[in-house]
Amino acid sequence: MQRTGVLVLVVLVGMPATFTLLYTVLPVPATPLMVARLFEGEGWSHDWVPREEISPSLGFAVIAAEDNLFCAHNGFDFESLQMAWREWQAGEGARGASTISMQTAKNLYLLPVRSLLRKGVEAYLTVYLEILLSKQRILEIYLNIAEWAPGVYGAEAAARHHFGKSAAQLTEREAALLAAVLPNPRRWSASQPTNYIAGRASTLQRRIHQLGPLLDCAR
């Protein structure tokens, strides 16, 4: 029984802590989603680049699109989570309330299975990221592993796939278009935007200039 308890402790505490500590300095070679998509027959385009080689506009746009308070919170937007919980209880369906930190934890360690259990594990893993990694590193990892088209992962692969250039060369408009498709990159295209995506990108561009110091951790 004692040995089982130690094993459980190692799995629940040791493994997340170890891998997260490794990712303080090492690039992420793969994620469960990348591997799953590969076995489903999709390609795999993923080139890790340091944050210095990613246009700051992309980090700004992603924060504007996904998590305005990313630089200010401790990993959780409790107001949004409470609203999502109330809507779920009222039978109104799931509402997006995941922060960039939570999405990074999910992308790093979990498959995109929708369930309350997965959300709980995601929240647990988010604590490790917030304790062991800086905001700059969390954002760097997120930008390098996010899915931006079927089989296309990370800012560098996305920039080359959609715009034929490096992530460092992305314009503010291109960055906004990439951020605009994040909710469903398998349906929407940054390089062939619908009217909705084009309009959402314009909204994000305006929001970026309104966020001011809320973007400090991405500068």
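Reference entry: report on the structure contained in this document. Note that the coordinates shown come from a computational prediction; the quantities given were computed from them, not determined experimentally. (Residues numbered from 1 in each chain as written. Predicted model: local features only at pLDDT ≥ 70, side-chain atom pairs only at ≥ 80, totals over all residues. Heavy atoms only, no water.)

**Re the overall build of the protein chain**
Thought 1: Counting its regular elements, the protein chain contains 10 helices and three strands.
Thought 2: Listing every helix and strand of the protein chain by position from the N terminus yields α-α-β-α-α-α-α-α-β-β-α-α-α.
Thought 3: Here the protein chain has roughly 11300 Å² of accessible surface; of this, 59% comes from carbon and sulfur atoms. (Helix = DSSP H or I, 4+ residues; strand = E, 2+ residues; numbered from the N terminus. Areas by Shrake-Rupley, 256 points an atom, 1.4 Å probe, with all protein chains shown as cover.)

**Details of the nonpolar core**
Thought 1: Residues Leu58, Val62, Ile63, Leu143, Trp148 and Leu178 are the most contacted members of the largest nonpolar core, which totals 57 residues.
Thought 2: Aside from chain neighbours lying at most four places away, what touches valine 62 is Asp67, Ile100, Tyr142, Leu143, Trp148, Ala179 and Leu182. (Core = buried A, V, L, I, M, F, W, Y, C linked by side-chain atoms within 4.5 Å. Buried < 20%, exposed > 50% of the residue type's maximum accessible area, 1.4 Å probe, protein only. Contact = heavy atoms within 4.5 Å.)

**Re the sheet that holds strand β3 (residues 152-153)**
Sheet strands pair by backbone hydrogen bonding; their relative direction is either parallel or antiparallel.
Thought 1: Strand order across the open sheet formed by three strands is β1-β3-β2, with mixed pairing between neighbours. A single partner strand is all that each edge strand has here, and the edge strands are β1 (45-46) and β2 (147-149).
Thought 2: Bridge count between β2 and β3: two bridges; the pairing is antiparallel. Bridged to glutamate 147 within β3 is tyrosine 153. (Pairing = 2+ DSSP bridges.)

**With respect to the packing of aromatic side chains**
Thought 1: The tally for this structure, following the rule as stated, stands at two aromatic pairs.
Thought 2: Residues tyrosine 124 and tyrosine 128 carry aromatic rings whose centres are separated by 5.3 Å and whose planes lie at 75° to one another, so their mutual orientation is edge-to-face. Of the two residues, tyrosine 124 and tyrosine 128 both sit in helix α6 (residues 116-132), four residues apart, roughly one turn of that helix.
Thought 3: Seen from their ring centres, tryptophan 188 and tyrosine 196 are 5.6 Å apart, and the 50° between their planes marks the pair as tilted.
Thought 4: Positioned above the aromatic ring of phenylalanine 70 is the side chain of lysine 135, whose terminal nitrogen or guanidinium carbon lies 4.5 Å from the ring centre. (Phe/Tyr/Trp six-rings, centres within 6.5 Å; stacked < 30°, edge-to-face > 60°. Lys NZ or Arg CZ within 6 Å of the ring centre and 35° of its normal.)

**Things to note about the packing of helix α3 (residues 56-66) against helix α10 (residues 195-211)**
Thought 1: At a minimum axis separation of 9 Å, α3 and α10 run at an interaxial angle of 100°. For the element pair α3 / α10, the angle class is roughly perpendicular. Contact residues: Phe60, Ala61, Ile63, Ala64, Ala65 and Glu66 in α3; Arg200, Leu204, Arg207, Ile208 and Leu211 in α10.
Thought 2: For the contact of α3 with α10, the residue count by class is eight nonpolar, no polar and three charged. (Axes fitted to C-alpha atoms, helices over the stretch in contact; angles between N-to-C directions. Parallel < 35°, antiparallel > 145°, perpendicular 65-115°, else oblique. Nonpolar A, V, L, I, M, F, W, Y, C, P; charged D, E, K, R; others polar.)

**Some words on the state of the cysteines**
Thought 1: Overall, the coordinates contain one disulfide when judged by the stated rule.
Thought 2: The disulfide bridge from cysteine 71 ends at cysteine 217, spanning 2.0 Å between sulfur atoms. Linking cysteine 71 and cysteine 217, the disulfide has an S-S dihedral of approximately -75° and is accordingly described as left-handed. Highlighted residues: cysteine 71 in the loop between α3 and α4 (78-89) and cysteine 217 in the segment after α10, separated in sequence by 146 residues.
Thought 3: On the basis of relative accessibility, which here comes to 21%, the residue cysteine 71 falls in the partly exposed class. (Disulfide = S-S within 2.5 Å.)

**Some details on the packing of helix α5 (residues 100-109) against α6**
Two numbers describe a pair of packed helices, the interaxial angle and the distance between the axes.
Thought 1: Relative to each other, α5 and α6 sit at 105°, their axes nearing to 8 Å. The angle between α5 and α6 places the two elements in the roughly perpendicular class. In this structure, α5 uses Ser101, Met102, Thr104, Ala105, Lys106, Leu108 and Tyr109 to contact α6, whose residues at the interface are Arg118, Lys119, Glu122, Leu125, Thr126, Leu129 and Glu130.
Thought 2: Within the contact of α5 with α6, the residues separate by chemical class into six nonpolar, three polar and five charged.

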